[in-house]
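Descriptive analysis of the structure
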Amino acid sequence: MNEQDLRRQLLDQLTVGGSVRSPQWRQAVAVTGRHEFLRGGFFRQVHDSAPTAWEPVMPGDKGWLSGCYTDASLVTQIAGTIVPGDIHGRILRQPTSSSTLPSLVVRMLEDLEIEDGMRVLEIGTGTGYSTALLCHRIGDGLVTSVEVDSVVAAGAATTLATLGHAPDLITGDGLAGHKDGAPYDRVIATCGVLTVPEQWIAQTRPGGQILATVGGWMHASELARLTVHDDGSATGRLLGGQVSFMLARPHQPPPPGMLPDTDGGTERDTMVDASILDDWTARFVAQTAAPAAQRLNLGNRGQLLLDTDAGSWALLQPYQRGWRVRQGGPCSLWDPIEDRLREWLHDGSPRLDQFRILITPDGYHVYSWPHAR
Ligand SMILES: C[S@@+](CC[C@H](N)C(=O)[O-])C[C@H]1O[C@@H](n2cnc3c(N)ncnc32)[C@H](O)[C@@H]1O
């Protein structure tokens, strides 16, 4: 199939799947060639590799053009500096930049309810594909996009200029937003965050909306849409769909380092079966109780929760017909998680799309429906 046919096929797929819902975004996708943003190649996951290995796919390689038009996220940078052209063979490090799967990009743009004349701030330019869609929809002059990685930002700037787009492209930490372009009608983040930064709220006009994936270090996340109010607070809900994005670089967890000596600490039975942490929603709930905890699955030796900076840990192990927990360090990591999970189970295990978010100058609150005030 040639490029035009592949693009049309992807567009049909996004329309039938419900991601493209309006003629305006349909048109934006129709005129924006995703392959233009992937001329530096992408990394393909090596089949059945564990830990995950990646191999480069370059323009001209079999599968490059068709890959550009699959509804999949395509990794474009690994370990903060490595691009596909650098690698002959395979690499086993973590992805740090990608072109997000088109169905999610368009779903988010549709969910953001962008209208003509609105000013939009995007966090995480990446390849520039989503930036180009925004430019097409509302016009270059209304789009500001921030990318933390200067090499990635330069690549996106070149591609966008080649295609005739000139949005305001900023290189820097998008967690600070971009004050000079404020106020914005909409803020959209294509990297995940632990909490929505107060700067995004301050830079959004009252009545404006923020769309971002909120997540944590136990790898559960969800898309949140917030409305900003006159008093500087923001309220909204989680939208559902188990959306996940790579976390913003300043929000990445510290490396776990040396594992603690789990012979110390104190031991007790736990009321909650720790295998519940295999469930996405349960992990999301657990993260809200202990945001600094990371989870290491030790297979048949149980699960280790670790707050690296504080030095606290909790080892959860199956014991007879239940589970036991051994906790060490300055605070008991499992106690608040267990309390929060019991509350969530008591409420009937609400789904993530039944959760609300409230952000005021006093703090960040995520709560499920029965606790809505
Ligand atoms: C999933 S990719 C973006 C996808 C992009 N919108 C596209 O469609 O091609 C996430 C991007 O966010 C960037 N990023 C991570 N932390 C950031 C931060 N604090 N500020 C701005 N960009 C950030 C990463 O470097 C990466 O390029």
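Residues numbered from 1 in each chain as written. Predicted model: local features only at pLDDT ≥ 70, side-chain atom pairs only at ≥ 80, totals over all residues. Heavy atoms only, no water.

**What to know about the sheet that holds strand 6 (residues 143–147)**
Note the following rule: For two strands to pair, DSSP has to find at least two bridges joining them. In this description a helix means any DSSP run of H or I spanning at least four residues, a strand means any run of E spanning at least two, and both kinds are numbered starting from the N terminus. To obtain each axis, a line is fitted to C-alpha atoms, and for helices this fit is confined to the stretch in contact; angles are then taken between N-to-C directions over 0 to 180 degrees.
Reading across the sheet, the 9 strands line up as 7-6-5-8-9-10-11-17-18 and stay open at both edges, with mixed pairing between neighbours. Each of the sheet's edge strands pairs with one partner strand only, and the pair in question is strand 7 (168–171) and strand 18 (363–368). For this sheet, the mean angle separating the axes of adjacent strands, direction not counted, is 15°. Note: strand 10 (residues 222–228) against strand 11 (residues 234–238), 5 bridges, orientation antiparallel.

**Let's talk about the site of the ligand**
In plain terms, the rule: What makes a residue near a molecule or strand is one non-hydrogen atom of that residue sitting within 4 Å of it. Identification of polar contacts relies on pairs of N or O atoms within 3.5 Å, with a donor-acceptor requirement for protein atoms, meaning one able to donate a hydrogen and the other able to accept it, and with residues adjacent in sequence counted only if both atoms are side-chain atoms. Note that accessible areas follow from Shrake-Rupley with a 1.4 Å probe, and for residues the cover is restricted to the protein chains shown.
Taken together, 25 residues lie near the ligand, and Ser97, Thr127, Ser130, Glu147 and Gly174 sit nearest. One nitrogen or oxygen atom from the main chain of Gly124 is found 3.1 Å from a nitrogen atom belonging to the ligand. Interatomic distance of 3.1 Å between a side-chain N/O atom of Thr190 and a nitrogen atom of the ligand. In the complex, the protein chains occlude 99% of the 600 Å² of accessible area that the ligand would expose alone. Those elements giving two or more residues to the shell around the ligand turn out to be strand 4 (95–99), strand 5 (120–123) and strand 6. The element best represented in the shell around the ligand is strand 4, accounting for 4 residues.

**Concerning the pairing of strand 9 (residues 204–214)**
Put simply, the rule reads: When accessible area is computed with a 1.4 Å probe and restricted to protein chains, residues below 20% of their type maximum are described as buried, those above 50% as exposed, and intermediate ones as partly exposed.
Extensive coverage of strand 9 is indicated by the burial of 8 of its 11 residues. Sheet topology places strand 8 (residues 184–189) next to strand 9; 4 bridges connect them, and they run parallel. The residue bridging Val187 from the neighbouring strand is Ile210, located in strand 9. Strand direction decides the pairing type here: strand 9 and strand 10, joined by 6 bridges, are antiparallel. Residue Val214 lies in a different strand from strand 10, and its bridge partner there is Glu222.

**A short note on the pattern of salt bridges**
Threshold: We define a salt bridge as a side-chain nitrogen of Lys or Arg found within 4 Å of a carboxyl oxygen belonging to Asp or Glu.
This model, assessed by the stated rule, comprises 18 salt bridges. Here Asp111 and Arg21 are joined by a salt bridge, their closest N and O atoms 2.8 Å apart. With Asp111 in helix 4 (residues 102–111) and Arg21 in the loop between helix 1 (3–16) and helix 2 (23–31), the pair connects residues that are 90 residues apart, well separated along the chain. When the shortest N-O distance is used, the salt bridge between Asp335 and Arg268 registers 2.8 Å. Of this pair, Asp335 sits in helix 9 (residues 334–346) while Arg268 sits in strand 12 (residues 266–270); the two residues are 67 residues apart in sequence, bridging distant segments of the chain. On the accessibility criterion, Asp335 (28% relative accessible area) is partly exposed.

**Regarding the packing of helix 1 against helix 2**
Worth spelling out the cut-off: The scheme is simple: roughly parallel for angles under 35 degrees, roughly antiparallel for over 145, roughly perpendicular for 65 to 115, oblique for anything else. Each crossing gets its handedness from the near helix: less than a right angle anticlockwise from the far helix is left-handed, clockwise is right-handed. In this analysis, two residues are considered to be in contact whenever any of their non-hydrogen atoms come within 4.5 Å of each other.
For the pair helix 1 and helix 2, the least separation of the axes is 9 Å and the interaxial angle reads 155°. Classified by the angle between their axes, helix 1 and helix 2 sit roughly antiparallel to one another. For the crossing formed where helix 1 meets helix 2, the hand is right-handed. Between helix 1 and helix 2, the contacting residues are Arg7, Leu11, Asp12, Leu14 and Thr15 on the first element and Arg26, Val29, Ala30 and Val31 on the second.

**Structural notes on helix 9**
Applied cut-off: Every helix has an expected span of 1.5 Å times one less than the residues it contains. What the arc describes is the spread of directions from the helix axis to the C-beta atoms.
Between its first and last C-alpha atoms helix 9 spans 18 Å; for 13 residues at 1.5 Å apiece the expected length is 18 Å, and the two agree. Those residues of helix 9 lying buried are Trp334, Ile337, Glu338, Leu341 and Trp344. When helix 9 is viewed along its axis, its buried side chains cluster within an angular range of 125° and face the same direction. In the core, the buried residues of helix 9 are packed alongside strand 12, helix 8 (280–289), strand 14 (303–307), strand 15 (312–319), strand 16 (322–328) and strand 17 (355–360). The first or second residue beyond helix 9 is Gly348, which carries a positive phi of 90°.

**Observations regarding the sheet that holds strand 13 (residues 294–297)**
Within a sheet, adjacent strands bond to each other through the backbone by hydrogen bonds, running parallel or antiparallel. If you walk across this open sheet you meet the 5 strands as 12-16-15-14-13, and the pairing is antiparallel. Bordering the open sheet on either side are strand 12 and strand 13, each of which pairs with just one other strand. Neighbour-to-neighbour, the strand axes of this sheet turn through a mean angle of 20°, independent of strand direction. One ladder, built from 5 bridges, connects strand 12 with strand 16; its direction is antiparallel. Directly across from Asp269, in strand 16, lies its bridge partner Arg324.

**Regarding the domain arrangement of the chain**
Defined as follows: Domain extents, as shown, originate in an automatic or database domain assignment. Using a 1.4 Å probe, buried area is obtained as the accessible area two parts lose upon being combined, added over both of them. When residues are sorted by character, Ala, Val, Leu, Ile, Met, Phe, Trp, Tyr, Cys and Pro go into the nonpolar class, Asp, Glu, Lys and Arg into the charged class, and all the rest, Gly among them, into the polar class.
Splitting the chain by domain gives domain 1 (101–249) and domain 2 (256–346). For domain 1 versus domain 2, the separation of C-alpha centres amounts to 33 Å. Every contact between the two is made by 13 residues of domain 1 and, on the other side, 12 residues of domain 2. Counting each side, the surface lost to burial between domain 1 and domain 2 is near 1100 Å², with a carbon and sulfur contribution of 66%. Counting the surface domain 1 buries against domain 2, the share from its top three residues, Trp217, Met218 and Ala220, is 65%. By residue class, the composition of the side of domain 1 that touches domain 2 is 6 nonpolar, 6 polar and 1 charged.

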